[in-house]
Amino acid sequence: MTLCFKTLIESNHDLVCVRRIGYSDLPDLFAHLSAPAIADQVGSAPQSKDDLARYVLPSSAGETSFLRLAITSRLTDRLIGTVGFHSVAWRHRSAEIAFDLVPEMWSKGIATYVCGLAVDWAHEEAGLVRVQATVLDSNLRSLAVLDRCGFVREGLLMRYRILDGQSKDFFMLSHVATA
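Only a predicted model underlies this, so the values are computations on that prediction, with no experimental measurement involved. (Residues numbered from 1 in each chain as written. Predicted model: local features only at pLDDT ≥ 70, side-chain atom pairs only at ≥ 80, totals over all residues. Heavy atoms only, no water.)

Here the focus is the sheet that holds strand 4 (residues 94–101). Pairing is mixed in the open sheet, where seven strands are placed in the order 1-2-3-4-5-7-6. Single-partner strands in this sheet number two, and they are strand 1 (16–20) and strand 6 (152–163). Neighbour-to-neighbour, the strand axes of the sheet open up by a mean angle of 30°, direction not taken into account. Examined bridge by bridge, strand 4 and strand 5 (residues 130–136) share three bridges and lie parallel to one another. If you follow Ala95 over to strand 5, its bridge partner there is Val131. (Pairing = 2+ DSSP bridges. Helix = DSSP H or I, 4+ residues; strand = E, 2+ residues; numbered from the N terminus. Axes fitted to C-alpha atoms, helices over the stretch in contact; angles between N-to-C directions.)

We now examine helix 1 (residues 26–34). Residues Leu26, Leu29, His32 and Leu33 constitute the buried set of helix 1. Seen from one end, helix 1 has its buried residues packed into an arc of 125°, which puts them on one side. (Buried < 20%, exposed > 50% of the residue type's maximum accessible area, 1.4 Å probe, protein only. Arc of directions from axis to C-beta.)

Among the structural elements, Thr72 can be located in strand 2 (residues 67–73). What makes Thr72 buried here is its relative accessible area of 0%.

What the rule picks out here adds up to seven salt bridges. Asp25 is paired through a salt bridge with Arg19; the nearest N and O atoms lie 2.7 Å apart. For Asp25, a relative accessible area of 5% puts it in the buried group. Accessibility expressed as a relative area gives 23% for Arg19, which makes it partly exposed. Residue Asp147 pairs with Arg153 through a salt bridge whose shortest N-O separation is 3.0 Å. Residue classification places Asp147 among the partly exposed positions, given a relative accessible area of 37%. Classification of Arg153 by relative accessible area gives partly exposed; the value is 39%. Here the salt bridges share partners, and the residues they tie into one network are Arg19, Asp25 and Asp77. (Salt bridge = Lys/Arg side-chain N within 4 Å of Asp/Glu carboxyl O.)

With that settled, consider the pairing of strand 6. Here strand 6 runs beside strand 7 (residues 166–176); their pairing, made up of eight bridges, is antiparallel. Looking across to strand 7, one finds that Leu156 is bridged to Phe171. Between strand 6 and strand 7, which pair antiparallel one after the other, the connecting turn spans two residues, and Asp164 there sits at a positive phi close to 55°.

This next bit is on a negative patch on the surface. Taken together, the side chains of Glu10, Asp120, Glu124 and Glu125 define an acidic patch exposed on the protein surface. Note on placement: Glu124 falls in helix 3 (residues 110–124). With relative accessibility at 54%, the residue Glu124 sits in the exposed group. (Patch = residues over 30% accessible without salt bridge, like charges linked within 9 Å, V, L, I, M, F, W, Y side chains within 5 Å. Areas by Shrake-Rupley, 256 points an atom, 1.4 Å probe, with all protein chains shown as cover. Lys, Arg positive; Asp, Glu negative; His and termini not counted. Charge placed at Lys NZ, Arg CZ, Asp CG, Glu CD.)

These figures come from the coordinates and say nothing about function on their own.
Next comes the structure, spelled out in structure tokens:
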């Protein structure tokens, strides 16, 4: 199995699609990631739409070592969140997952669906053995999503990242391929 992101995650969900982020998505992505409900959990809101251009993939998935995709409404094709992987270590067959949704789409099962879809794809298509997540200890919604997707809490990382000028604690969780 080739160790790179050569294919993309595909969704069969009734409400959402997963696709490449396009330049036309950047205004919605900027507004989404700048919203307090999201920025408070990830720690750094983008300063401009230009900061997000790196998430736009070429027309083919290519051999990129990070992958961020748009979660869009199946009805409107409008961006309602993102899912993807960063901190990829191909040598170790591991990566960190990240996902987010606009608050209006919370509590509909979408984050759990997309997270589970991405984890299965990472193990089966991308050849990753370990998918990990670091989550702010107070981010109960994301912790619940990861729990439902079969992640195991490995421990609490004390003062792991600085948010709003303060060192915060994060949980480390992992999902390991069974085969």
